[in-house]
Amino acid sequence: MTETQTQPQPLVVEREETKPGFVGQNVPRKEDKRLVQGEGVFFDDVKRHGMGYVHFVRSPYAHAKVKSIDLTKALELGGVYGTLTGDEVAILTDPFFELSVKPGADIKDYALAVGRVRHVGEPVAAVVASSRELARDAADLVEVEYEPLPVLTTGEEALRDETILHEDAGSNVVWSGVFDWGDWEGAKAEADHVVKIERLHFDRFSSTPLECAGALVEYNRGTGQWTMHCNHQMPGIGAIWMAPALRTGVDKLRFVTQDIGGAFGNKICLHPQFVALCLLARKLNRPVQWTEWRTDQHTANAHGNERTFLDVEVAVKADGTLLGFNCRAIDDCGAFPRYEPLGCIIWAQVTPGCYRWRNIRVDFTQVCTNKSPVSPNRGYSRMQHLWLTERIVDIVAHELELDPVEIRKRNYVRAEEMPYETPNGCVYDSGDYARGLDLALELIGYDRLEEKRRDAEERGKLLGFGIGSTLDSGTNNFGQSTLLNPELQFSGNNEVATVKLDIFGEIVVTLGTVPQGQGHETTAAQVVADILGCSPDDVTVRPGHDSYWNSHAGFSGTYASQFAVTGLGAVKGATDMLASQIKRVAAGVLGASEDDLELAEGQARLKANPEAAIPFMGIGAIVNANNAILPMEVRDVTLNCRYVYVPPFELPDFERKFGNLTLTYASQVHVCLIEIDPETGVYDIVDYAAVDDCGKRIHPQIVEGQVHGATAQALGAATHEIFAYDDEGNLLTPNFYDYHVPHALDMPPMQNGYLESASPFTPLGAKGMGEGGGAGIHAVCAALQDALRSRGNTTVWRSCNPYHQVWQYLQSPARGVEVTGR
Amino acid sequence: MKVEGTRSFAAPRETVWEVLNDPARMAKTMPGVESFDVSDDTHWRANVKIPLGLGGLSMSIDFEKTEERRPEFARLAAKGNGVGAIMNMVTAFHLTEDGGGTEMKWEADVKIAGPVGSMGQRVLQPIVNQQVNAVLTALEKQVQEANTQ
Amino acid sequence: METVSSKRIAVTVNGERIEYDLEARRLLVHFLRDDLDLTGTHVGCDTGNCGACSVLYNGRLVKSCMLLAIQAEGATIETVESLSSDGELTPLQQAFSDHHALQCGYCTPGMLMSATALLRADERPTEQQIRKAIQGNICRCTGYVNIVRAIQAASGQAVER
């Protein structure tokens, strides 16, 4: 018989003073019981009698005209219910709403390819059949004739506009603009050194959630209502895209999710496939079900942004003070922008990274290529930029022979400067990056670095040490979209929650968010329990999301590290309302004033005399079934409270591209030790430490889980995970056989540390966290560069460095760095 | 994938040209040809089985001679369809007289699309090379036969 | 060789003997999920790499997406649904919850079956053995740290921190 362990406490190093309560404790997760029994409900678990299985016919070409589609043989196959092609889609729907200005605004994006295909795997037609296997058979019988066109596989190639992917736009450029804050030319003149870095490249990868995308869609002919059992992680935006395309109202699109097997931003741009499913459900008058294949997810769902930084110049003083930088950025968003060009501004939430430089200029262009479209993958756009700032700091230190720890401490934004306004008007709420770095160094035994280096040398290995500091900006102001397109009517942010007290005293919460493992049911219950004075076990949080709960708003979803602020902010607001209503009822019944009352142990009672108490069940019963006994002035109480949390944002300034774009900034400092075998280029991460500061931690174990997961994903992206294409636009890593994600034996030993710099701007002092800002990537790149110093002093210029790339560095070191100065 | 090479034949240029431009003879040179069908002088189709995986990859390939300058140059376009693979190929050969024999310079640009294409050059190049070698060897035989007739 | 397009099989699943007519090409995982409504076993890839579909076949850990359903003829299959009864979590399942070894829960059934196979063969595995036992199970949420801790705890060993 094994012993049952009590909740283990994570390694806590620094925390703000905690008030007693459930917030801040590791309460058992509500989600676990059903999930460990295999009783979770993921969309593919939902069935409907007579449902048809959908299989998409997908383009084998990266770029081609669609000359003809012949469905005859497919339709002759027994068990096939029907089909859908681009021609029908073009008649029945309008193109999806584009966020960009011209030329990107003129791109026509539909649920299926219309006349042309622009990436391998793009859906061209759909077939529906009575079984999964038959649907696949039928798809194989669809005959499509293509006329191949020239293929664009790099952003730089696309920029030349020799082959145009979207004729309606007339250019491959989706958006371009120059961001110029401070005085770059002045900084360059004042600098003692200007370090020039020719090229840095952030590689294409994604978080590849284990559960693929999909939906079961039903259409009610009588009411025109679509119901989608799916895993769309941002239904608010999904509906905004889908409803106008389908020429219907937003309320006619009901999203129902319960459990989702990871999303990480890959389940935000599912609207094209979902519109195809909606059309099929309506056309065939039966529910239709589609489960994405792993190969399709890798080829044709969503990648993270791929970004090239060219001609980077950094202005530095002799003492290592960084004055600013200037660069050109080319962002490759794949075949269709969709959520883009938001990536062209989102990085500006962290323009200076962790540093105090004030003079920053970025010439930013985004282009389409014949690769999979991108979506806001974990760390969206900030990760790419933070990698740039960390590489800059690291390369500058390397070139000028400055200590990587000292240069960071000299240039980090300081704790006492918080809240800190960045050169473009964002406000870093709180944080102590230098302390985080010290803690990370301690955890990895930095003082014994030289000893470790000598030990590695004796074993014939090259040891490298690297630091990766990064930020996790959370709760974004959608007004930043107006900096790209002033005609967009988006700004602010919101999230909704309802809390009610039922007739038998049950407390029931609905959320507007769409959890995929972040423990929303649990953390929401903690917040409610502390306000109402009951236990989280007494609080039922409905799992998942359902449009019919009317508990959502335009920006509802789970993305961008914001739940702890927006979701829990809404929960707190709704619960405060409920608490007030409970007290009003109790006050009315007990003949007391609200100030005399407290909520504790599931009751409303007199502070002075706890015996005079009404249990919640009593309160619920009175309001729901016995309200004639209530004084008249209390009869407006409903005990069913809905709250919309709206963060305090304003519209940013379009001319200066200036304004507060995000509410909170969690920070991370990671450090790693790497050993390279110089004979082969093979390397191991031999030690690793991660320090995280996300303000008040609602549930420390959940925070730690997110840190572990984000680190694993970053290490995968740093070492082996890459979406590589050949010259024809074929994806060479279309499944887990070729796309190598970390497995259990790949993880390095890891130490974790935590700081809690509470946010002054949020209801609970908590900050959103979870994306992780790619710290592992920055740390590994830095460590590789450090290790290879003695073997050719290569510059590590790309984010993903598989063994053969390290071999390349050893054989022919890439320099691409020049230092000029007095 | 681009492949190219040179091959010498101990036969007059006219003979080599005749063999190369005879669909029936060419069909005999191609490995794994299970059947072929000549539509006219410049169009023919071959059904082939390429050794790839268990049982081989069956493909029907349509050939079209797009350019010709007898007896020294011809260019062909080929388009193949099989399960999981679509092949587009352009190939050309130049014949020059070399003493009593012929020197053939040839080149081919092979593009593979579809799931097979994602296996990448490392996997596909050796297969393409093997197919090319088999064609050249068989072509050699055909030319010799033609020469002795 | 005779071509089989469908077959009637008899198989024991989670202790229950079942007879079923199946298309020969039906994968075991789809038989379990779609025909028997045992949706705890999950599909995460199409190349047999992710392990979300792991079940026990005559006591052996297998990937049910890599087997045809008709190959289960005469076999005893155990899925995640067989681990607990009447909602009472086993020590292994409880350890997963205690140690936050699951976030989205999608890889969890596969992890539990791999852990079950491991602990049946070795009551006190080392950390390295645990990692090797779940090497065929991909998780994108947890970084495996807490999963290893949970399995250590379930085997009555001290948790490495």
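These figures come from a predicted structure and were not determined experimentally. (Residues numbered from 1 in each chain as written. Chains lettered and ligands numbered in written order. Predicted model: local features only at pLDDT ≥ 70, side-chain atom pairs only at ≥ 80, totals over all residues.)

### Description of the overall build of chain B
What counts, and what does not: Comment: elements are numbered from the N terminus, with helices defined as DSSP H or I runs of at least four residues and strands as E runs of at least two. Throughout, the radius of gyration refers to the C-alpha atoms, and the reference size of a globule is 2.2 Å times the residue count to the power 0.38. Here exposure depends only on C-beta density: within 10 Å of a residue's C-beta, 20 or more other C-beta atoms make it buried, 12 or fewer make it exposed, and intermediate numbers make it partly exposed, the C-beta atoms being placed from the backbone. Residues are defined as contacting one another if the C-beta atoms placed from their backbone atoms lie within 7 Å.
A tally of regular secondary structure across chain B gives three helices and seven strands. Counting helices and strands in the order they occur from the N terminus, chain B gives β-α-α-β-β-β-β-β-β-α. Its C-alpha atoms give chain B a radius of gyration of 15 Å, near enough to 15 Å, the size a compact globule of 149 residues would have. The principal-axis extents of the C-alpha atoms in chain B amount to approximately 45 × 30 × 25 Å. Expressed as a percentage of the 149 residues in chain B, the buried residues total 25%. Considering only residue pairs separated by 6 or more positions, chain B has 47% of its internal contacts joining residues 24 or more positions apart.

### Considerations on the overall build of chain A
Along the backbone of chain A there are 20 helices and 30 strands. At 28 Å, chain A has a C-alpha radius of gyration in line with the 28 Å of a compact globule built from 822 residues. For chain A, the C-alpha atoms occupy an extent of roughly 85 × 70 × 65 Å along the three principal directions. A buried classification covers 62% of the 822 residues belonging to chain A. Intrachain contacts of chain A at a sequence separation of at least 6 include 80% that bridge at least 24 residues.

### So, the sheet that holds strand β13 (residues 306-316) of chain A
Residue and element names in this part refer to chain A. Operational definition: Should DSSP find at least two bridges between two strands, the strands are taken to pair. Here an angle of 0 to 180 degrees is reported between the N-to-C directions of two axes, which are lines fitted to C-alpha atoms, with helices fitted over the stretch in contact.
Spatial ordering of the open sheet is given by β7-β15-β14-β13-β8-β30, a layout of six strands whose pairing is mixed. Each end of this open sheet is capped by a strand with a single partner; those strands are β7 (173-181) and β30 (817-821). Each adjacent strand pair in this sheet contributes to an overall mean axis angle of 10 degrees, direction not counted. Across nine bridges, the pairing between β13 and strand β14 (residues 322-332) is antiparallel. Counterpart to V316 in the pairing with β14 is L322. Lying over the sheet, helix α11 (residues 382-399) contacts β8 (193-202), β13, β14 and β30, oriented at roughly 135 degrees with respect to β8.

### Focus on the sheet that holds strand β2 (residues 33-40) of chain B
Residues and elements named next belong to chain B. The sheet built from seven strands is open, its strands ordered β1-β7-β6-β5-β4-β3-β2 with antiparallel pairing. In this open sheet, the two strands that pair with only one neighbour each are β1 (2-9) and β2. On average, each strand axis in the sheet is tilted by 20 degrees relative to the strand beside it, whichever way the strands run. Relative to strand β7 (residues 101-113), β1 is paired through eight bridges, and the arrangement is antiparallel. The residue bridging R7 from the neighbouring strand is M104, located in β7. Sitting on the sheet, helix α1 (residues 13-20) is in contact with β1, β5 (73-82), β6 (85-98) and β7, with an inclination near 165 degrees to β6.

### Quick look at the domain arrangement of chain A
Residues and elements named next belong to chain A. Convention followed: Where each domain begins and ends follows an automated or database-derived domain assignment. Amino acids are sorted into nonpolar (Ala, Val, Leu, Ile, Met, Phe, Trp, Tyr, Cys and Pro), charged (Asp, Glu, Lys and Arg) and polar (every other residue, Gly among them).
Domain boundaries assigned for chain A yield domain 1 (43-149 + 213-291), domain 2 (176-206 + 302-479 + 652-821) and domain 3 (495-645). Residue-level contacts link 18 residues of domain 1 with 23 residues of domain 2. Along the lines of polarity and charge, the residues of the side of domain 1 that touches domain 2 split into seven nonpolar, seven polar and four charged.

### Here we look at the interface of chain C and chain A
In this assembly, 52 residues from chain C lie in contact with 52 residues from chain A. At the level of secondary structure, the elements contributing two or more residues to the side of chain C that touches chain A comprise α2 (91-98), α3 (108-121), α4 (127-133) and α5 (145-154) of chain C. Per-element accounting of the side of chain C that touches chain A gives the leading share, six residues, to α2(C). The residue makeup of the side of chain C that touches chain A, split by class, is 22 nonpolar, 22 polar and eight charged.

### A closer look at the packing of α2(C) against α3(C)
All names here are of chain C. The cut-off we apply is this: For this classification, under 35 degrees means roughly parallel, over 145 means roughly antiparallel, 65 to 115 means roughly perpendicular, and everything else is oblique. Crossing handedness is read from the near helix: turned anticlockwise from the far helix by less than a right angle, it gives a left-handed crossing, and turned clockwise, a right-handed one.
Orientation of α2 relative to α3, taken along the N-to-C sense of each, is 130 degrees, at an axis distance of 11 Å. When the axes of α2 and α3 are compared, the pair comes out oblique. Where α2 crosses over α3, the two elements pack in a sense that is right-handed. Counted together, L92, Q93 and F96 of α2 and T108, L112, A115 and T116 of α3 form the full contact between these two elements. A class-by-class count of the residues in the contact of α2 with α3 yields four nonpolar, three polar and no charged.

### A few points about the nonpolar core
Convention followed: Each nonpolar core consists of buried Ala, Val, Leu, Ile, Met, Phe, Trp, Tyr and Cys residues. Their C-beta atoms, within 7 Å, join them into a set.
One finds A:L112, A:V127, A:L277, A:V528 and A:V780 to be the most contacted residues of the largest nonpolar core, which totals 321 residues. For this core, the element with the most residues is helix α16 (residues 563-590) of chain A, which contributes 12 residues. Leave out the neighbours within four places in its chain, and A:V528 touches A:V499, A:I507, A:V509, A:V539, A:V571 and A:T575. Counting 20 residues, the second-largest nonpolar core is a separate cluster that includes B:L20, B:V48, B:A74 and B:L76.

### A closer look at the interface of chain B and chain A
At the junction of the two partners, chain B supplies nine residues and chain A supplies nine residues. Where the side of chain B that touches chain A is concerned, the elements lending two or more residues are β6 and β7 of chain B. For the side of chain B that touches chain A, a count of residues per class yields two nonpolar, six polar and one charged.

### Some points on the arrangement of the chains
Take the two pairs of chains in contact: the one carrying the most contacts is chains A and C. There is a gap between chain B and chain C: no contact, and a shortest C-alpha distance of 13 Å.

### Looking at the environment of A:A744
The residue A:A744 is located in the loop between α18 (700-719) and β29 (750-755) in this model. Separated by 32 residues in the primary sequence, A:A744 and A:A712 have C-alpha atoms spaced 9.9 Å apart.

### Side note on the pairing of strand β1 (residues 6-13) of chain C
The two faces of the sheet receive side chains in turn, since in a regular strand these alternate between them. All names here are of chain C. Pairing analysis gives eight bridges linking β1 to strand β2 (residues 16-23), with the strands arranged antiparallel. The partner of K7 across the bridge, within β2, is L22. Hairpin connection between β1 and β2: a loop of two residues separates the two successive antiparallel strands, and N14 in this loop has a positive phi of roughly 50 degrees. Bridge count between β1 and strand β5 (residues 76-78): two bridges; the pairing is parallel. Within β5, the position partnered with T12 by the bridge is T76.

### Considerations on the environment of C:N146
Residue placement: C:N146 occurs in helix α5. Residue class for C:N146 comes out buried when judged on the 27 C-beta atoms lying within 10 Å of it. What C:N146 contacts, discounting residues up to four positions off in sequence, is A:G705, A:H708, C:H99, C:H100 and C:A101.

### Let's talk about α16(A)
Going by this rule: Every helix has an expected span of 1.5 Å times one less than the residues it contains.
End to end, α16(A) covers 38 Å across 28 residues, agreeing with the expected 40 Å (1.5 Å per residue, within 8%). Counting buried positions along α16(A) gives 21 out of 28 residues, so the element sits mostly inside the fold.

### A few points about unusual backbone geometry
A cis amide bond, omega 15 degrees, links A:E340 with the succeeding residue A:P341. Position of A:P341 among the secondary structure elements: in the loop between β14 and α10 (343-346). A cis amide bond, omega -5 degrees, links B:R70 with the succeeding residue B:P71. With respect to the helices and strands, B:P71 occurs in the loop between β4 (57-69) and β5.

### Thoughts on the packing of α16(A) against helix α17 (residues 616-625) of chain A
Residues and elements named next belong to chain A. Between α16 and α17, the least distance of the axes is 10 Å, while the angle of their chain directions is 85 degrees. On the basis of their axis angle, the class for α16 and α17 is roughly perpendicular. Across the interface between the two elements, I582, V585, A586 and V589 of α16 pack against I619, I622 and V623 of α17. Looking at the contact of α16 with α17 residue by residue, the classes come out as seven nonpolar, no polar and no charged.

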